[in-house]
Amino acid sequence: MTKIPATQVLTKVDYLGKKRRIGLLGGTFNPPHLGHSIIADQVLSQLGLDEVLFMPDNLPPHIDSKETIAAEKRLKMVELSIADNPNFGIEDIELKRGGISYTYDTIKQLTIMHPENEYYFIIGGDMVDYLPKWNRIDDLIKMVKFIGVQRKGFEQKSKYPLMWVDVPMIGVSSSLIREKISQRCSIRYLVKKEVADYIEKEGLYK
């Protein structure tokens, strides 16, 4: 009589083939602007990545919590912002999961779901100083490669292993764009036209 092997539940599958190198650019994207696209494109080209995924967070675990608009509207603006670049995509895992968007939970889940991928997590130089306060950072650095992007006024140093990418410094931020809109100033050339049209149509940030 043939013995039936016991059923096993796999939590992680080892992938033996050549892995795809995927960049992850997280943020509230409230709203997404051309600075985000420039960072993603420079990291992708300089490191030879296969793709960069824009990953809107649900509730950022920052000490200085940020108020954001509805997740579906932020997601829609990201879609509009990256539509013309085939090397860009969207990872909405944190929006689907809900709750506080801890990067450790996200990377753990992604590596189980996609063992064929090797992830590179992109952070601005201003976030490097926060790394010691990140949830389970000592475990996280063993799971993902961190890519640092220089920001004006911040040094390129950390006790954690980072790869630094030289990206043109552009003084554009989501907070600046929200301020411009509230003041009824133009945001032309700061965001994609499609994003600006969507903001105007939905009456956002006024």
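Up top is the structure.
Attention in this report is confined to the structure presented alongside it. (Residues numbered from 1 in each chain as written. Predicted model: local features only at pLDDT ≥ 70, side-chain atom pairs only at ≥ 80, totals over all residues. Heavy atoms only, no water.)

**Describing the pairing of strand β1 (residues 20-27)**
On a regular strand, one side chain projects to one face of the sheet and the next to the other, so that they alternate. Here six bridges tie β1 to strand β4 (residues 117-124), and the two strands are oriented parallel to one another. What sits directly across from Ile-22, in β4, is Tyr-119. Bridge analysis of β1 against strand β2 (residues 51-56) gives six bridges, and the strand direction is parallel. When the sheet's bridge partners are listed, Leu-25 is paired in β2 with Phe-54. At this point the chain moves from β1, through helix α1 (residues 34-47), to the parallel β2, and the crossover so formed is right-handed. (Pairing = 2+ DSSP bridges. Helix = DSSP H or I, 4+ residues; strand = E, 2+ residues; numbered from the N terminus. Right-handed = clockwise from strand over helix to strand, strands pointing away.)

**Side note on the environment of Ile-107**
If you trace the backbone, Ile-107 turns up in helix α4 (residues 103-113). By relative accessible area, Ile-107 is classed as buried at 0%. Spatially, the C-alpha atom of Ile-107 lies 9.2 Å from that of Phe-121, the residues being 14 residues apart in sequence. Among residues more than four places away in sequence, those in contact with Ile-107 are Leu-24, Phe-121, Leu-140, Met-143 and Val-144. (Buried < 20%, exposed > 50% of the residue type's maximum accessible area, 1.4 Å probe, protein only. Contact = heavy atoms within 4.5 Å.)

**A look at unusual backbone geometry**
A cis amide bond, omega 5°, links Asn-30 with the succeeding residue Pro-31. Assignment of secondary structure puts Pro-31 in the loop between β1 and α1. Within the chain, Phe-29 stands out as a residue other than glycine whose phi angle is a positive 50°. If you trace the backbone, Phe-29 turns up in the loop between β1 and α1. Under the relative-accessibility criterion, Phe-29 is labelled buried at 2%. A positive phi angle, near 60°, is found at Arg-184, a position not held by glycine. Its location among the elements puts Arg-184 in the loop between α7 (174-182) and α8 (193-202).

Any link to function would need more than the numbers given here.
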